[in-house]
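Structural overview
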Amino acid sequence: MPFKILEGGVTAAKGFKASGIHCGIRKNRSKTDLALIYSEVSCSAAAVYTQNLVQGAPITVTKRNLTNGIAKATICNSGNANTCNADGEEKAQKMCDLVAAALNIDASDVIVASTGVIGQILPIEPIANGMDDLVKALKKDGSHDAAKAIMTTDTVEKEFALQFQLNGKTATVGGIAKGSGMIHPNMATMLGFITTDAAISPEMLYEALCTAIADTFNMVSVDGDTSTNDMVSVMASGLADNVRITEKNSDYQLFEQALTEVCAVLSRKIAKDGEGATKLLECVVMGAKTKEEARKIAKSVICSNLLKCAIFGADANWGRVLCAIGYAGTNIDIDSVDVAFVSKQGRIEVCKNGSGVDFDEDIAKHILLEDDIIVEVTLHEGDIGAVAYGCDLSYDYVKINGDYRS
């Protein structure tokens, strides 16, 4: 891929600044809880949202604001999801109003998001009182501050950016994300904020985002719980000064690839930082007849709690992989399936044509003791593949979620 990795995350692209402060939503003053991303110019904008029928009030407001495909700012608080509250939509709109007044922009040009505990009333006073400090803290290298401020049970910030040539112009795509628990396929349990300086219409930006999401954020699962507040948004400033992308031409294809790569890296970071996780678990499916079939099988494998436990214990229990393939809801010949475990320590085949093969358990354990594990599934039915991202299931997952509100 013709991409160069950059520092700078969500502010790597031209025209963007970001900030993150502690305003008082969270009791712990050592944890920041309010983030802002701002563009000096109007941006093409698009977003995709959780498929949970219970949706946070910020999603309702953001959907309304993005009807025209234009945005200039994104505000996000952590510590409170602003979901299942009678005054939730009013509070989400007030957040937009506060940003608009502080930045002298239109409130309809604000993307708003919240993450944290569900069902607790969001106090607007800390946000209002902190708005001046939030705006004053905006800076070109503020991505890291914003990434920290959107974290809940995350243990590390999640940032990534890359640069590429677009019709002779240098373009950048970068972003930040949060997600550790309540993560399951189909736009769930995460927030992702992406920026780019590529010039692209809102319609093409939405198309590219939907395509990128399908094989990245929608292929992540930590625990099978679909959250209520999740969204991934993207703003495009156009300051790269490339010929504006208004159709699916070669420039569009290259932009889509860059956006997908950023989403894929952020997705891996989310999966690896799953609550209590000790390992990143990827399922790579090859040889499927259709993309839908490959995705279903990959998701089914990484969602298997029995397999996740086996990976935690470095146990090459390949039967759990075959079991998950069997209930994935696809019409495949299970007698032609091959399975292998892969890490930087090597590759070991454990199943051939749907049956076990002799393998060295010690070598397998050595492979599975690594932090990044790939379950390789070959179907021998076609030439289409898919990848899903997950993690192991450890004792700490229960500990973390046993007292999440305290």
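It should be emphasised that the depicted structure is a prediction, and the values quoted were computed from it without experimental measurement. (Residues numbered from 1 in each chain as written. Predicted model: local features only at pLDDT ≥ 70, side-chain atom pairs only at ≥ 80, totals over all residues. Heavy atoms only, no water.)

Note that strand β1 (residues 4-6) and strand β6 (residues 158-166) share three bridges and pair antiparallel. Bridge assignment links Lys4 to a residue of β6, and that residue is Gln163. Here β6 pairs with strand β7 (residues 169-178) via nine bridges, running antiparallel. Bridged to Phe164 within β7 is Ala171. (Pairing = 2+ DSSP bridges. Helix = DSSP H or I, 4+ residues; strand = E, 2+ residues; numbered from the N terminus.)

In this structure, Asp315 sits in the loop between α8 (305-312) and α9 (319-326). Along the primary structure Asp315 and Leu368 are separated by 53 residues, whereas in three dimensions their C-alpha atoms are 7.2 Å apart. Once residues within four sequence positions are removed from consideration, Asp315 is found in contact with Ala310 and Leu368. (Contact = heavy atoms within 4.5 Å.)

Secondary-structure assignment places Ala161 in strand β6. Note on Ala161: relative accessible area 0%, which makes it buried. For Ala161 and Ile21, which are 140 residues apart along the polypeptide, the C-alpha to C-alpha distance reads 22 Å. In contact with Ala161, other than residues within four places in its own chain, are Lys4, Ile5, Leu6, Glu7, Gly9, Ala12, Val173 and Gly174. (Buried < 20%, exposed > 50% of the residue type's maximum accessible area, 1.4 Å probe, protein only.)

Quick look at the pattern of salt bridges now. One pass over the structure, following the stated rule, counts 14 salt bridges. The partner of Arg295 in a salt bridge is Asp215, and the shortest N-O contact between them spans 3.0 Å. In this pair, Arg295 sits in helix α7 (residues 291-303) while Asp215 sits in the loop between α5 (202-214) and β9 (231-236), placing the two residues 80 residues apart along the sequence. Residue classification places Arg295 among the partly exposed residues on the basis of a relative accessible area of 23%. For Asp215, a relative accessible area of 25% puts it in the partly exposed group. Within this structure, Lys289, Glu293 and Glu381 form a network of salt bridges that share partners. (Salt bridge = Lys/Arg side-chain N within 4 Å of Asp/Glu carboxyl O.)

Positive phi, normally seen in glycine, also occurs at Asn104, with a value near 60°. One can find Asn104 in the loop between α2 (88-103) and β5 (110-117).

For the rest of this paragraph, the subject is the pairing of strand β12 (residues 346-352). Where strand β11 (residues 338-343) lies against β12, five bridges are found, and the strand directions are antiparallel. If you follow Val342 over to β12, its bridge partner there is Arg347. In textbook terms, the turn of a hairpin is the stretch between consecutive antiparallel strands, and for β11 and β12 this stretch comprises two residues. Across two bridges, the pairing between β12 and strand β13 (residues 355-356) is antiparallel. Its bridge partner lying in β13, Cys351 is registered against Gly356. Counted between consecutive antiparallel strands, the loop separating β12 from β13 contains two residues, among which Asn353 sits at a positive phi close to 55°.

Scope: geometric values only; no functional claims are made or implied.
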